Amino acid sequence: MSSLDQLFAPQSIAVVGASNNAEKAGYQMMAVLESSDLSLFPVNPKENEILGYQAFPTLVAIGKRVDLAIFTLPAGACVSAMHDAVAAGVGSVMIISGGFSESGDEGKARQDEIVELCETHNIRLLGPNTSGFIAPGKNLQATFVPGLEDLPPGHMGIIAQSGAINVTLAALARDLNIGVRLAVGVGNGQNTSAADLIDYLAEDEETHTIAVYLEGVADGRHLYDAVRSASQKKPVIVMAIGRSDVGDFAASHTGNLIGSFELKIAALKQAGAIVVDTTRELMSVAKCLGFKRLPPQENPGVALVTGQAGPGMIISDYLKHRGVTMPNLGNGTMSEIAQLLPPMTFIKNPVDTGRPGSTFAPIVDLVLADQAISAVLIFALHEPAAIAPSRLFAEISNSASKPIIFGTAGPAALLAETAQTVEPLGIPVITNPDEAATCMMALVEDSRRQYHLNLSRERSIGSDLPIIDSRSLNEHEAKVVLETLGIPCPNRRLAHTHESALESFSHLKKPIALKIIAADILHKTEVGGVCLNIKTVEELHQGLTQIDAIDTQEKKAYLLESMADNGIEVILGGKNDQSFGPTVLLGLGGTTAEALGDISMRLAPLSERDALEMIGELKGSELLQGWRGAPQVDIEALARALITIGDFIVANPQLGEIDLNPVRLYPKGLLALDALIIPGAHQQLHTV
């Protein structure tokens, strides 16, 4: 943290590559830093003076302490400059240049050498390939991009892996009247990552909310840990891209379903983050959550008080469709509101006032005081003759101090005046109904996530779990492991000849399934290696002949297994992801799970609540609850199996994937009908 303080709160800055040429980044960096009150040292061996400051040939030549050295040099010159920084005892370095790991092997080697020097000599590095950072409260704009000098100071932290997006978000924050504590472009993030910055801002008392833009994540588990820790102290809102990456590195159905983007989003939500889709949502939601956060609740109740029916319908439709509870107000509350409004006005929730007037503030007060309501969204068009926001919020008492969001619409200049009047009172102003609804949805999600985090404490796994060597296990071997873990499988026998298959057949309950066992056949159905409903010896011989015709590199065997009763099928899987580590997946549909795409994921180990949440997240979860007279399946057995798979994959980091597909669910218990355990060699290194 001390090294990050030197980076973001320096007392002295050197610009290496400073220039008198206005077209160069070294000039632009000097120009924006001139307004700061810091000691500023330009470094350029060809100049004596730059913008009125004495220039120095090297960092060592400065002869004074430099907290931050900013390299505005071509990539090829940065290694030499880094050695100079080490010799000068510089505290931190920021490299704005491109041409490093993003440009190929030569650039990566250059970057690796710089990072090694930083780590060896305890120098914090921001970048390379970063636009820099802005700390308005410190009057410090350490970025070569002009035009953000008037960014207002405040309490929002902005972290963006893209320097251009960092500048974009900072400009958007200014437009939305959001005060910024720190806005950072991470760049390549090899020494100071997005996770490091989340940790840093989580401990900063002046940062009230953290907005993050993510592209690739090299160390997903570090990111998860950082977000989980930070989100319990202050809201963390994330925009993540990468939907087109479907994780084609995977060998099993589980691996194919655990696409990198889906896993990234699942991990962020599990850690307590609010995930949004656009830069505008990122800033608006972060703005609202920075004013007042709902306390942790399982199901907060939201009320809407609107001056116009149309916007009210848009807002309530959005919230209800996404599962936000809008409870009816209490009878006493409705009775008092009815005395303040004309007959036939809708007052249950939403409260439609018809048109704002003198009774609007008392109505809002009554809604805020209702015990079923945790937060209130107010919407009213900008109509000063009907309602003046400054007077309205001065009249609202809100003795319970519940969060309020004020949505409005009208001419931009007038709305800006409204924000300047209302927001100092602790109430965010959002200037359209859709965005206001999105912000209220985020307020509720944040409350629910914190409630779940409080109940889903991380747990240690048992010490008696089986440890598997680094090889693929065939279905029979994998099922032996599952039975050791307490996950039941059908009765079965393994045969290596037709004669032993016939003997095994005589001991099994009919009908049976006959399956090929071969080391080079992962998906048996796809090669015709599964024969079902075999009842007679003749049918068995036909199945054996069919399997014998399959071309395999390894010697094949035959697995005979009693057919299971009908039930609802799911897929259970686990994976040691290269970035996020141990991961568990649940999907509805068993062998058709990839087509249905109805899945839920969590990082392992799981708590019981995590497992139950996964089950509830399935779009088809009602099918498990006794849909249209069908029996309800054993939810507790399914949750135990999820927890067990998570513990097993945590205990076996050398494994790549475990795939139980399908698992058949019953009113009492479950059966794993097929299983694969695959070594980690099937994975490829990747960033998600």
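Let me begin by describing the structure that accompanies this report. Per chain, residues are indexed from 1 in the order of the written sequence. Only residues with pLDDT of at least 70 get local features here, since the model is predicted, and only at 80 or more are side-chain atom pairs given and counted; chain-wide, interface and lining totals rely on the full set of residues. With hydrogens and water excluded, all non-hydrogen atoms of the structure serve as input to the side-chain values.

## Section: the packing of helix 18 (residues 498-507) against helix 19 (residues 537-548)
What counts, and what does not: In this analysis an axis means a line fitted to C-alpha atoms, helices contributing only their contacting stretch, and an angle means the value between N-to-C directions, from 0 to 180 degrees. Helix and strand assignments follow DSSP, with helices taken as H or I runs no shorter than four residues and strands as E runs no shorter than two, numbered in order from the N terminus. In this scheme, roughly parallel covers angles under 35 degrees and roughly antiparallel covers those over 145, while 65 to 115 is roughly perpendicular and the rest are oblique. Helix crossings fall into two classes, left-handed where the near helix is turned counterclockwise from the far one by less than a right angle and right-handed where it is turned clockwise. Pairs of residues are marked as contacts when any of their non-hydrogen atoms sit within 4.5 Å. Side-chain classes are defined by residue name, with Ala, Val, Leu, Ile, Met, Phe, Trp, Tyr, Cys and Pro counting as nonpolar, Asp, Glu, Lys and Arg as charged, and the others, Gly among them, as polar.
Closest axis-to-axis distance for the helix 18/helix 19 pair is 11 Å, and the angle between their directions is 140°. With respect to each other, helix 18 and helix 19 are oriented oblique. Crossing geometry of helix 18 relative to helix 19 is assigned as right-handed. From helix 18, His498, Ala501, Leu502 and Phe505 reach across to helix 19, where they touch Val537, Leu540, Leu544 and Asp548. Taken together, the residues that form the contact of helix 18 with helix 19 break down as 6 nonpolar, 1 polar and 1 charged.

## Looking at the packing of aromatic side chains
Let me state the cut-off plainly: Pairs were defined over the aromatic rings of Phe, Tyr and Trp, the Trp ring being its six-membered one, requiring ring centres within 6.5 Å. Orientation was assigned from the angle between planes: stacked under 30 degrees, edge-to-face over 60, tilted for the rest. To sort residues, take the accessible area from a 1.4 Å probe on protein chains only and compare it with the maximum for the residue type: under 20% means buried, over 50% means exposed, and anything in between is partly exposed. Our definition puts a charge over a ring when NZ of Lys or CZ of Arg is within 6 Å of the ring centre and also within 35 degrees of the ring normal.
If you walk through the whole model with that rule in mind, you get 4 aromatic pairs. Each ring, one from Phe41 and one from Phe56, has its centre 6.0 Å from the other, and the planes form 75°; the classification is edge-to-face. With Phe41 in strand 2 (residues 39-43) and Phe56 in the loop between strand 4 (53-54) and strand 5 (68-71), the pair connects residues that are 15 residues apart, well separated along the chain. Per residue, the accessibility class of Phe41 equals that of Phe56, and both read buried. With centroids separated by 5.0 Å and ring planes inclined at 75°, the aromatic side chains of Phe393 and Phe406 adopt a geometry described as edge-to-face. Note that Phe393 is positioned in helix 14 (residues 389-395) and Phe406 in strand 18 (residues 404-407), a separation of 13 residues in sequence. Taken individually, Phe393 and Phe406 each receive the classification buried, so the pair is uniform in this respect. Stacked on the ring of Tyr318, the Lys or Arg Arg322 has its end atom at 3.7 Å from the ring centre. Seen from the ring of Phe505, Lys510 lies directly overhead, with NZ or CZ sitting 4.6 Å from the centre.

## Regarding the pattern of salt bridges
When charged atoms on two side chains of opposite charge get close, those side chains can pair. The cut-off we apply is this: The term salt bridge refers to a side-chain nitrogen of Lys or Arg lying within 4 Å of a carboxyl oxygen of Asp or Glu.
Tallying each qualifying case throughout the model produces 24 salt bridges. Two residues, Glu106 and Arg110, come together in a salt bridge whose shortest N-O distance is 3.2 Å. Within this pair, Glu106 and its partner Arg110 are both found in helix 4 (residues 105-120), separated by 4 residues, close to a single helical turn. The class of Glu106 is exposed, set by a relative accessible area of 61%. Between Arg391 and Glu395 there is a salt bridge, and its shortest N-O distance comes to 3.9 Å. Taken together, the positions of Arg391 and Glu395, both in helix 14 and 4 residues apart, correspond to about one turn of that helix. Several salt bridges share partner residues, and in doing so they unite Glu475, Lys479, Lys515, Lys524, Glu561 and Asp674 into one network.

## Things to note about the sheet that holds strand 7 (residues 124-126)
Applicable threshold: The criterion for strand pairing is that DSSP finds at least two bridges linking the strands in question.
Taken in spatial order, the 5 strands make up an open sheet running 2-1-5-6-7, and their pairing is parallel. At either margin of the open sheet sits one strand with a lone partner, and together these are strand 2 and strand 7. The average angle at which neighbouring strand axes cross in this sheet is 20°, direction not considered. Two elements, strand 1 (residues 12-16) and strand 5, share 4 bridges in a ladder whose sense is parallel. Directly across from Ile13, in strand 5, lies its bridge partner Leu68. Docked against the sheet, helix 3 (residues 75-88) engages strand 1, strand 5 and strand 6 (92-95), running at close to 170° with respect to strand 5.

## Overview of the pairing of strand 12 (residues 209-214)
Across the 6 residues that make up strand 12, a large majority, 6, are buried. As judged from the 5 bridges shared by strand 10 (residues 153-160) and strand 12, these two strands associate in the parallel manner. Residue pairing across strands places Ile159 opposite Val212, the latter belonging to strand 12. Here strand 12 runs beside strand 13 (residues 236-240); their pairing, made up of 5 bridges, is parallel. What sits directly across from Tyr213, in strand 13, is Met239.

## Let's talk about helix 7 (residues 220-231)
Filter applied, for reference: Take the number of residues in a helix, subtract one, and multiply by 1.5 Å to get its expected span.
In a regular helix each residue adds 1.5 Å, so 12 residues correspond to 16 Å; helix 7 covers 16 Å between its end C-alpha atoms and thus fits that length. Considered for burial, the residues of helix 7 that qualify are Gly220, Leu223, Tyr224, Ala226, Val227, Arg228, Ala230 and Ser231. Here the buried face of helix 7 lies against helix 6 (194-202), strand 12, strand 13, helix 9 (260-270), helix 16 (433-455) and strand 26 (599-603).

## What about the nonpolar core?
Formally: By convention a nonpolar core is built from buried Ala, Val, Leu, Ile, Met, Phe, Trp, Tyr and Cys residues, the set being connected through side-chain atoms within 4.5 Å.
Within the largest apolar cluster, 60 residues are counted, with the highest numbers of intra-cluster contacts made by Phe8, Leu33, Phe133 and Leu268. Other than its neighbours up to four places away in sequence, Leu268 contacts Leu214, Leu223, Val227, Val238, Ala240, Ala273 and Val275.

So, to be careful, I would describe these as geometric facts and stop short of saying anything about function.
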